[in-house]
Amino acid sequence: MSRAEPSAPQGRGELRDRPRTVRTRRTTFHAALLRNELLTTFRRWRTLALLAVLAAVPVLVGIAVKIETGDGSSAGGGGGGPAFISQITNNGLFLVFTALAATLPFFLPMAVGVVAGDAIAGEANSGTLRYLLVAPAGRSRLLLTKYATVVIFCLAATLVVAVSALTVGALLFPLGDLTTISGTQIGFAEGLGRALLIALAVAASLTGVAALGLFVSTLTGSGIAAMATTVGLLITVQILDQIPQLHALQPYFFSHYWLSFADLMREPVYWDDLAKNLGLQALYAAVFGSAAWARFTAKDITA
């Protein structure tokens, strides 16, 4: 009487395929979690209002320059105002650089601080944080997803300013070849490329604030308190960065090299301050991201 041979190869094949199936399911879940966080963030009225304010800044700057130069005078003739403002009348593309320079010191980081400060504390305040942790995401993965969402908001907010400025600049002023800070001429297509690089540099400059805001968000269960604290820290650092007696400490403030994006409008490009800025933002992201992880993974979630 013959025995039936076990289907060993098929069983081993199923075992080999099982880790791949688990990885696929985890990847799908992670993508779904990030997509859900992005939809939740960008559907909030607060987020839409922040983006609307950011989009309105280039409109106001463009109209103000147009009115000021209506009699043939040059904008910013007294030397005041944001960088590049005196060049807007010659080329509307400079409105992109001016708008980013005008919004970076306060409006953009404030918007990022609001979103980052509300990331964890807002969920705790509304009572949804416990339910998020019930899902098989884990605290570390959930925190990483929250940070990724805030970083994507940094990019979206910066692009909103840039696109709004480019649209207004094209409607109100001529477009064409532009003159760099170094005095050389570059084509309009290259100017658009420089504008995109500047927008990416500005977005990267906000990643340190995003990590700081996320850390503050893990310290409290009140979204309003976390947002107010983050914005307050932002204003404090900006003030300290203007005090001459603190010149030895200022290179370590996250806002110190923010305006280094102007070096992308030089020919050749000056990379020194840009590299220092990116390195400093990476340091802040690592330090406060680690602090947020240590706090959040050890925190007793009661709401």
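What counts, and at which threshold
Residues numbered from 1 in each chain as written. Predicted model: local features only at pLDDT ≥ 70, side-chain atom pairs only at ≥ 80, totals over all residues. Heavy atoms only, no water. Helix = DSSP H or I, 4+ residues; strand = E, 2+ residues; numbered from the N terminus. Buried < 20%, exposed > 50% of the residue type's maximum accessible area, 1.4 Å probe, protein only. Contact = heavy atoms within 4.5 Å. Areas by Shrake-Rupley, 256 points an atom, 1.4 Å probe, with all protein chains shown as cover. Core = buried A, V, L, I, M, F, W, Y, C linked by side-chain atoms within 4.5 Å. Phe/Tyr/Trp six-rings, centres within 6.5 Å; stacked < 30°, edge-to-face > 60°. Salt bridge = Lys/Arg side-chain N within 4 Å of Asp/Glu carboxyl O. Polar contact = N/O pair within 3.5 Å; in protein donor to acceptor, adjacent residues only side chain to side chain. Axes fitted to C-alpha atoms, helices over the stretch in contact; angles between N-to-C directions. Parallel < 35°, antiparallel > 145°, perpendicular 65-115°, else oblique. Left-handed = near helix turned anticlockwise from the far one by under 90°. Nonpolar A, V, L, I, M, F, W, Y, C, P; charged D, E, K, R; others polar. Patch = residues over 30% accessible without salt bridge, like charges linked within 9 Å, V, L, I, M, F, W, Y side chains within 5 Å.

### As for the overall build of the protein
Step number 1: For the protein, the helix and strand inventory stands at 10 helices and 2 strands.
Step number 2: Evaluated residue by residue, the protein yields a buried proportion of 41% over its 303 residues.
Step number 3: By sequence separation, contacts in the protein at least 24 residues apart represent 75% of the contacts at least 6 residues apart.
Step number 4: Working note: accessible area of the protein is about 15,400 Å², and carbon and sulfur atoms make up 64% of it.

### A few points about the nonpolar core
Step number 1: V96, F97, V112, I198, F254 and F261 are the most contacted members of the largest nonpolar core, which has 73 residues in total.
Step number 2: Elements with a minimum of two residues in this core: helix 2 (45-68), helix 3 (94-103), helix 4 (107-126), helix 6 (139-172), helix 7 (188-205), helix 8 (207-217), helix 9 (223-240) and helix 10 (272-298).
Step number 3: Dropping the residues within four chain positions of it, F97 is found in contact with F84, L178, G191, A195, I198, F261 and M265.

### As for the side chain of R194
Step number 1: Position of R194 relative to the elements: it lies in helix 7.
Step number 2: On the basis of relative accessibility, which here comes to 9%, the residue R194 falls in the buried class.
Step number 3: Residues contacting R194, with those up to four places away along its chain left out, are I186, L264, M265, R266, E267 and V269.

### Focus on the packing of aromatic side chains
Step number 1: Taken as a whole and assessed by the stated rule, the structure comprises 7 aromatic pairs.
Step number 2: Between F215 and F288 the ring centres are 5.9 Å apart and the planes differ by 50°, which places this aromatic pair in the tilted class. A residue pair is termed long-range when its members are at least 10 positions apart, and F215 in helix 8 and F288 in helix 10 qualify at 73 residues.
Step number 3: Each member of the aromatic cluster is reached from another via a ring pair, and the members are F215, F254, W258, Y284 and F288.

### Observations regarding the pattern of salt bridges
Step number 1: One pass over the full model with this rule turns up 5 salt bridges.
Step number 2: Linking E190 and R194 is a salt bridge whose minimum nitrogen-to-oxygen distance equals 3.1 Å. Taken together, the positions of E190 and R194, both in helix 7 and 4 residues apart, correspond to about one turn of that helix.
Step number 3: A residue is classified by how much of its surface remains accessible, and E190, at 37% relative accessible area, is partly exposed.
Step number 4: Through salt bridges with shared partners, a single ionic network connects E190, R194 and E267.

### Details of the environment of G208
Step number 1: Here G208 is to be found in helix 8.
Step number 2: The sequence separation of G208 and L280 amounts to 72 residues, and the corresponding C-alpha distance is 7.9 Å.

### Observations concerning the environment of T40
Step number 1: Of note, T40 is situated in helix 1 (residues 8-43).
Step number 2: Along the sequence, T40 and T149 sit 109 residues apart, while their C-alpha atoms lie 9.9 Å from each other.
Step number 3: One polar contact links the side chain of T40 to the main-chain carbonyl oxygen of N36, over a distance of 2.8 Å.

### Some remarks on the packing of helix 8 against helix 10
Step number 1: Packing of helix 8 against helix 10 brings their axes to within 8 Å, and their N-to-C directions diverge by 15°. Here helix 8 is positioned roughly parallel relative to helix 10, judged by the angle of their axes. Crossing hand, helix 8 versus helix 10: left-handed. Of helix 10, the residues touching helix 8 (which contributes T207, G208, A211, L212, L214 and F215) are Q281, Y284, A285, F288, G289, A291 and A292.

### Regarding the packing of helix 3 against helix 6
Step number 1: Viewed as axis vectors pointing N to C, helix 3 and helix 6 meet at an angle of 140°, and their least axial separation amounts to 8 Å. Considered as vectors, helix 3 and helix 6 are oriented oblique to each other. Note on packing geometry: the crossing formed by helix 3 with helix 6 is right-handed. For the pair helix 3 and helix 6, the contacting residues are L95, V96, A99, L100 and T103 in the first and T158, V161, A162, A165, L166, V168 and G169 in the second.
Step number 2: Here the residues of the contact of helix 3 with helix 6 sort into 9 nonpolar, 3 polar and no charged.

### Section: a nonpolar patch on the surface
Step number 1: There is a patch of nonpolar side chains on the surface, built from L155, L159, V163, L196, L197 and L200 and spanning about 490 Å² of accessible area.
Step number 2: At the level of elements, helix 6 and helix 7 are the ones that each hand at least two residues to the nonpolar patch.

### Overview of the environment of W293
Step number 1: Tracing the backbone through its elements, the reader meets W293 in helix 10.
Step number 2: Overall, W293 belongs to the partly exposed group, its relative accessible area being 43%.
Step number 3: Along the sequence, W293 and S140 sit 153 residues apart, while their C-alpha atoms lie 6.6 Å from each other.
Step number 4: Look past the residues within four positions of W293 in its chain and what remains in contact with it is S140 and L143.
Step number 5: There is a polar contact of 2.7 Å between the side chain of W293 and the side chain of S140.

In short, geometric facts, not functional conclusions.
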